[in-house]
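Survey of secondary and tertiary structure
Read off the chains here:
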Amino acid sequence: MIVTAKDLRFKISMLFDALSKGEEITITYRGKAKAKLISTNNQKKRKDDIAFGLWKDRDENVDNIVRELRRGRDFDI
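The text that follows walks through the structure, step by step, so that each part is easy to find. What you see is a predicted model, and the numbers here were worked out from it, not measured in a lab.

Observations concerning the sheet that holds strand β1 (residues 2-4)
Ordered in space as β1-β2-β3, the three strands form an open sheet in which the pairing is mixed. Each edge of the open sheet carries a strand with a single partner, namely β1 and β3 (32-37). Averaged over all neighbouring strand pairs, the angle between strand axes comes to 35 degrees, with direction disregarded. Pairing of β1 with strand β2 (residues 25-29) involves three bridges; the strand directions are parallel. Bridge assignment links V3 to a residue of β2, and that residue is I27.

What follows is the structure, encoded as structure tokens:
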């Protein structure tokens, strides 16, 4: 189902009904697709995604990597 951003604001209950039936909803803004809504009941489909489990073989701790990225940088010239 394709809906506009305006439909998202004013017809949200209709969209929730469609999601409960397993439909995927594409949201457009000014004629261009911007987002996709999927039901949480469709989690089985997401595990087939190529990026799922991408770092499962790495030894690094993801929390440490994210903390390091958030720390920021020092630019000494």
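Once the structure has been displayed, the description carries forward.
So, helix α4 (residues 62-71)
Of the residues that open α4, the one with a side-chain oxygen 3.1 Å from the backbone nitrogen of D63 is N61. Positive backbone phi, approximately 100 degrees, marks G72, located one or two places after α4.

Examining the pattern of salt bridges
Summed over the entire model, instances satisfying the criterion amount to three salt bridges. Across the pair K36 and E24 runs a salt bridge, and its minimum N-O distance is 3.6 Å. With K36 in strand β3 and E24 in the loop between α2 (12-20) and β2, this pair connects stretches of sequence that are 12 residues apart. Two residues, E68 and R71, come together in a salt bridge whose shortest N-O distance is 2.5 Å. Taken together, the residues E68 and R71, both in helix α4 and three residues apart, mark about one turn of the helix. By relative accessible area, R71 is classed as exposed at 60%.

What about the pairing of β2?
Pairing geometry for β2 and β3, over five bridges, is antiparallel. Bridge pairing links I25 to L37 in β3. Between β2 and β3, which pair antiparallel one after the other, the connecting turn spans two residues, and R30 there sits at a positive phi close to 55 degrees.

Calculation criteria
Residues numbered from 1 in each chain as written. Predicted model: local features only at pLDDT ≥ 70, side-chain atom pairs only at ≥ 80, totals over all residues. Heavy atoms only, no water. Pairing = 2+ DSSP bridges. Helix = DSSP H or I, 4+ residues; strand = E, 2+ residues; numbered from the N terminus. Axes fitted to C-alpha atoms, helices over the stretch in contact; angles between N-to-C directions. Polar contact = N/O pair within 3.5 Å; in protein donor to acceptor, adjacent residues only side chain to side chain. Salt bridge = Lys/Arg side-chain N within 4 Å of Asp/Glu carboxyl O. Buried < 20%, exposed > 50% of the residue type's maximum accessible area, 1.4 Å probe, protein only.

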